[in-house]
Amino acid sequence: MKARFDTTQEPVSIRQLDGMEYIYICLNEDVVKEIPEGQEEEQIYYEYDYREISEPAGILNLEDVKVNPEKYLDYENNVKTDTERIDTLEATTDDIILMMADLIGGES
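Nothing here was measured: the structure is a model prediction, and the numbers come from that model.

### Focus: the overall build of the protein chain
In step 1: Summing up its helical and strand segments, the protein chain has 2 helices and 4 strands in all.
In step 2: Each helix and strand of the protein chain, ordered N terminal to C terminal, gives the series β-β-β-β-α-α.
In step 3: Taken over the C-alpha trace, the protein chain has a radius of gyration of 23 Å; the compact-globule value for 108 residues is 13 Å, which it surpasses by more than 25%.
In step 4: Overall, the protein chain is about 80 × 35 × 25 Å in size when its C-alpha atoms are taken along their principal axes.

Written out as structure tokens, the structure is:
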């Protein structure tokens, strides 16, 4: 994804809050000059390949992100919807019930 800013950005910015890590990656700076619609004065923007990542603390190696941010431009969070999480929990519970029945010799 591309993002524009009115000031230059650091390649990697990291914020940590309430057990979460928020990572902002800005790479491949391109200076863009244009006259916005309805204005007469040219504006300068800094356009970047951009990625925002939020993960619970400890999931990502922050030093690696700082050293190799290009590896994380296409990073995908594995965040599941509530329905997907419930389905997983139900399937796991069913599996546990079957295993317990096998252990105690009962029928499922």
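So that's the structure; there's more coming.
### What about the pattern of salt bridges?
In step 1: One pass over the full model with this rule turns up 5 salt bridges.
In step 2: The salt bridge partner of aspartate 64 is lysine 71, with a shortest N-O separation of 2.8 Å.
In step 3: Via salt bridges that share partners, Arg4, Glu34 and Glu47 belong to a single interconnected network.

### Considering the nonpolar core
In step 1: With 11 residues, the main nonpolar core is built from Val12, Ile23, Ile25, Leu27, Ile53, Leu60, Leu62, Val65, Tyr72, Leu73 and Tyr75.
In step 2: Elements that contribute at least two residues to this core include exactly β3 (20-34) and α1 (62-67).
In step 3: Per-element tally for this core: the top contributor is β3, with 3 residues.
In step 4: Residue contacts for tyrosine 72: discarding those within four places in its chain leaves Ile25, Arg51, Ile53, Leu60, Asn61, Asp64 and Val65.
In step 5: If you look at the next biggest cluster of nonpolar residues, it comprises 5 residues, including Ala3, Tyr46, Tyr48 and Tyr50.

### Thoughts on the packing of aromatic side chains
In step 1: Scanning all chains against the criterion turns up 3 aromatic pairs.
In step 2: Relative to tyrosine 48, the ring of phenylalanine 5 has its centre 5.9 Å away and its plane inclined at 65°; by these criteria the two rings are edge-to-face. Separated by 43 residues along the polypeptide, phenylalanine 5 in strand β1 (residues 2-5) and tyrosine 48 in strand β4 (residues 43-56) bring together distant segments of the chain.
In step 3: Owing to a relative accessible area of 22%, phenylalanine 5 belongs among the partly exposed residues under this scheme.
In step 4: On the basis of relative accessible area, tyrosine 48 is assigned to the buried category, the value being 1%.

### Digging into a nonpolar patch on the surface
In step 1: Nonpolar side chains collect at one region of the surface, where Ile96, Met99, Met100, Leu103 and Ile104 lie side by side and expose about 580 Å² of accessible area between them.
In step 2: Mapped onto the fold, leucine 103 is located in helix α2 (residues 82-104).

### Digging into the sheet that holds β1
In step 1: An order of β1-β4-β3-β2 is seen for the 4 strands of this open sheet, with the pairing classed as antiparallel. Two strands bound the open sheet, and with one partner strand each, they are β1 and β2 (12-17). When strand polarity is set aside, the average angle formed by the axes of neighbouring strands in this sheet is 35°.
In step 2: As judged from the 4 bridges shared by β1 and β4, these two strands associate in the antiparallel manner. Opposite alanine 3, over in β4, you have tyrosine 48 as the bridge partner.

Parameters and conventions
Residues numbered from 1 in each chain as written. Predicted model: local features only at pLDDT ≥ 70, side-chain atom pairs only at ≥ 80, totals over all residues. Heavy atoms only, no water. Helix = DSSP H or I, 4+ residues; strand = E, 2+ residues; numbered from the N terminus. Rg over C-alpha atoms; globule rule 2.2 N^0.38 Å. Salt bridge = Lys/Arg side-chain N within 4 Å of Asp/Glu carboxyl O. Core = buried A, V, L, I, M, F, W, Y, C linked by side-chain atoms within 4.5 Å. Buried < 20%, exposed > 50% of the residue type's maximum accessible area, 1.4 Å probe, protein only. Contact = heavy atoms within 4.5 Å. Phe/Tyr/Trp six-rings, centres within 6.5 Å; stacked < 30°, edge-to-face > 60°. Patch = residues over 30% accessible without salt bridge, like charges linked within 9 Å, V, L, I, M, F, W, Y side chains within 5 Å. Areas by Shrake-Rupley, 256 points an atom, 1.4 Å probe, with all protein chains shown as cover. Pairing = 2+ DSSP bridges. Axes fitted to C-alpha atoms, helices over the stretch in contact; angles between N-to-C directions.

So, to be careful, I would describe these as geometric facts and stop short of saying anything about function.
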